[in-house]
Amino acid sequence: VGMIGISWGGFNSLQLAYLQPEPLKAIVTVCSTDDRYDNDVHYMGGSMLAVDMHAWAATMMAFESRPVDKRVWGDKWREQWVGRLNKLSPFIDRWLAHQTRDEYWRHGSVCEDYSRINAAVMAVGGWFDPYRDTVLRLVEKLSAQGKNVKGIIGPWSHQYPDRDLRPGPHIDFLGETLRWWDKWLKEEDNDVMDEPLLRTWMLDGYEPKSVYDEMPGRWIAEREWPNPAFEARTFLLADGACCPPAQDQNGKQI
């Protein structure tokens, strides 16, 4: 069995892999998160994401309010639907009640124990998607434990990489996933695991504007992540000594 999904479906793929069902051999998780507290639509770095949190809570309220399928529930469909409506409460109430990383967020966050993931993982993201960090963490943590993992990050937003949505360029995503399934579900001896651990679109400089058809740049690849040759450097906007103190329109220092 293989699982593939984007966003919510990507979460589910990781979470099912965490539960280690024996038939699940591989997943493709796209624009998803391994950390429900730090890397989702509720909080980031401890700060509340008020716009995303409110919008998604409203969306979920709409989803939950929809009637049930009469083909499943038969004559009891209305009773079941009304019963659920009477118990509904906005998710935002619960999310605001958990403003720190507690058990509510740890549940369903596979970052709590990467060693539990035995299925082969293809993690896919975009630089203009809030979940891009997940790809970097998965390839780092899973590869360090000898797990089968590959990562792809392109110049995309919250979308599948082959959809004709801006920005591009796009890739043959179905071709990539087919090779992944052939390897792990059909046990074909292809070269998918001989490829670099992480493939990313390195952005060139670009001028700010509202919409981009394609982002300038090029594909690069890393056999290890983080690359041990990389080093962190800190750049300051100014050291304070090179700039005169600010003054108001009357020449008074401010």
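All figures in this text were calculated on a predicted structure; none of them were measured in a lab.

This brings us to the overall build of the protein chain. The number of helices and strands found in the protein chain is eight helices and eight strands. A compact globule built from 254 residues should have a C-alpha radius of gyration of about 18 Å, whereas the protein chain, at 23 Å, is more than 25% larger. In terms of overall dimensions, the protein chain has C-alpha extents of about 80 × 55 × 35 Å along its principal axes. Among the 254 residues that make up the protein chain, the fraction classed as buried is 35%. The long-range share in the protein chain, meaning contacts at least 24 apart out of those at least 6 apart in sequence, stands at 61%.

In spatial order, the strands read S1-S2-S5-S6-S7-S8; together these six strands make up an open sheet with mixed pairing. The open sheet terminates on both sides in strands that have one partner only, identified here as strand S1 (2-6) and strand S8 (217-222). Sheet twist, expressed as the average angle between the axes of neighbouring strands with direction ignored, equals 15 degrees. The sheet contacts of helix H1 (residues 8-18) involve S1 and strand S2 (26-30), and relative to S1 the element is tilted by about 145 degrees. With respect to the sheet, helix H7 (residues 132-144) is in contact with S2, strand S5 (120-126), strand S6 (149-154) and strand S7 (198-203), its orientation differing from that of S6 by roughly 155 degrees.

With twelve residues, helix H8 (residues 173-184) extends 17 Å from end C-alpha to end C-alpha; this agrees with the ideal 16 Å at 1.5 Å per step. Residues of H8 that are buried: Phe-173, Gly-175, Glu-176, Thr-177, Trp-180, Trp-181, Asp-182 and Trp-184. On its buried side, H8 packs onto S1, S2, S5, S6 and S7.

Turning next to the nonpolar core. Ile-117, Val-121, Leu-138 and Leu-142 are the most contacted members of the largest nonpolar core, which totals 20 residues. Counting residues per element, the ones that place at least two in this core are H1, S5, H7 and S6. The element contributing the most residues to this core is H7, with five residues. Ignoring sequence-local partners within four residues, the contact set of Val-121 consists of Ile-27, Thr-29, Leu-138, Leu-142, Asn-148, Val-149, Lys-150 and Trp-180. With 15 residues, the next largest nonpolar core counts Val-30, Trp-180, Trp-184 and Val-192 among its residues.

Reading the values: rules and limits
- Residues numbered from 1 in each chain as written.
- Predicted model: local features only at pLDDT ≥ 70, side-chain atom pairs only at ≥ 80, totals over all residues.
- Heavy atoms only, no water.
- Helix = DSSP H or I, 4+ residues; strand = E, 2+ residues; numbered from the N terminus.
- Rg over C-alpha atoms; globule rule 2.2 N^0.38 Å.
- Buried < 20%, exposed > 50% of the residue type's maximum accessible area, 1.4 Å probe, protein only.
- Contact = heavy atoms within 4.5 Å.
- Pairing = 2+ DSSP bridges.
- Axes fitted to C-alpha atoms, helices over the stretch in contact; angles between N-to-C directions.
- Expected span 1.5 Å × (residues − 1).
- Core = buried A, V, L, I, M, F, W, Y, C linked by side-chain atoms within 4.5 Å.

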